[in-house]
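Reading the structure
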Amino acid sequence: MTVSPEGQLRVNRVVCVCDVGEQIVNLSGAEAQVQGSILDGLSAAWLQVVDIEGGRAKQSNFHEYPLLRMADAPAIEVHFLRSDNPIGGLGEPALPPVAPAVCNAIFRATGHRVRELPIQRARLAWA
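Residues numbered from 1 in each chain as written. Predicted model: local features only at pLDDT ≥ 70, side-chain atom pairs only at ≥ 80, totals over all residues. Heavy atoms only, no water.

Moving on, we come to the overall build of the protein chain. Per the secondary structure count, the protein chain includes two helices and six strands. Going from N to C terminus, the protein chain has its helices and strands arranged as β-β-β-α-β-β-β-α. By principal-axis analysis of the C-alpha atoms, the protein chain measures approximately 50 × 35 × 25 Å. Per-residue burial over the protein chain gives 32% buried out of 127 residues. (Helix = DSSP H or I, 4+ residues; strand = E, 2+ residues; numbered from the N terminus. Buried < 20%, exposed > 50% of the residue type's maximum accessible area, 1.4 Å probe, protein only.)

Rendered as structure tokens:
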């Protein structure tokens with residue numbers, strides 16, 4: 001991750017290790033699910049917000065509700081750990097840790113704690 005002195009965020013690389021249980025049924029499908037979860041987690045933590053004004057959502061469609069673009073997507077490295085645990089799904093487990101991991105990386109880079117999401121609203125400029 002890099003944060004420019006002006007506060008521009010760039011997630012360069014994400015490494016994820018997942019416990020898949022006893023076996024992987026479809027390796028490429030499992031990897032794609034984890035990669036998609038990470039990208040969804042980055043979008044949600046970094047960019048997405050719904051503002052309510054007068055009891056209604058201010059954003060009307062995707063032109064006002066940004067999603068992570070391919071140019072901003074980091075390299076994602078996925079590793080699978082096999083264990084004695086039963087087989088489980090891989091669509092969701094990789095998403096929840098994304099926001100805390102990115103926020104901790106921002107703290108390490110800038111000295112600022114992100115206490116509110118989306119991250120794009122946080123002051124990321126270096127101290």
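More follows now that the structure is in view.
What follows deals with the packing of aromatic side chains. Considering all chains together, one arrives at one aromatic pair under this definition. Its end group placed over the ring of Phe107, Arg113 keeps NZ or CZ at 3.7 Å from the ring centre. (Phe/Tyr/Trp six-rings, centres within 6.5 Å; stacked < 30°, edge-to-face > 60°. Lys NZ or Arg CZ within 6 Å of the ring centre and 35° of its normal.)

Looking now at the pattern of salt bridges. Evaluation of the coordinates by the stated rule reveals four salt bridges. Here Glu77 makes a salt bridge to Arg13, at a shortest N to O gap of 3.0 Å. Of the two residues, Glu77 is situated in strand β6 (residues 75-82) and Arg13 in strand β3 (residues 13-21); the sequence distance between them amounts to 64 residues. With relative accessibility at 52%, the residue Arg13 sits in the exposed group. Two residues, Asp51 and Arg121, come together in a salt bridge whose shortest N-O distance is 2.8 Å. With a gap of 70 residues between them, Asp51 in the loop between α1 (27-46) and β4 (52-53) and Arg121 in the segment after α2 (98-110) connect regions that are remote in the sequence. (Salt bridge = Lys/Arg side-chain N within 4 Å of Asp/Glu carboxyl O.)

Now for unusual backbone geometry. For the peptide bond that leads from Leu117 to Pro118, omega is 5 degrees, which places it in the cis range. Residue position: Pro118 is located in the segment after α2.

Right, let's talk about the layout of surface pockets for a bit. Taking a probe equal in size to a water molecule and rolling it over the atoms shows the remaining empty space. The calculated volume of the largest pocket comes to roughly 260 Å³. Lining of the largest pocket is provided by 14 residues; of these, Val14, Val15, Val98, Ala101 and Val102 occupy positions nearest its centre. Of all the secondary-structure elements, those providing two or more residues to the lining of the largest pocket are β3, α1 and α2. Residues of the lining of the largest pocket, tallied by class, amount to 13 nonpolar, no polar and one charged. (1 Å grid on protein atoms, 1.4 Å probe; cavity = no way out; pocket = protein on both sides within 12 Å on 5 of 7 lines; lining within 4 Å. Points joined across faces, edges and corners; volume = space filled by probe spheres on them. Nonpolar A, V, L, I, M, F, W, Y, C, P; charged D, E, K, R; others polar.)

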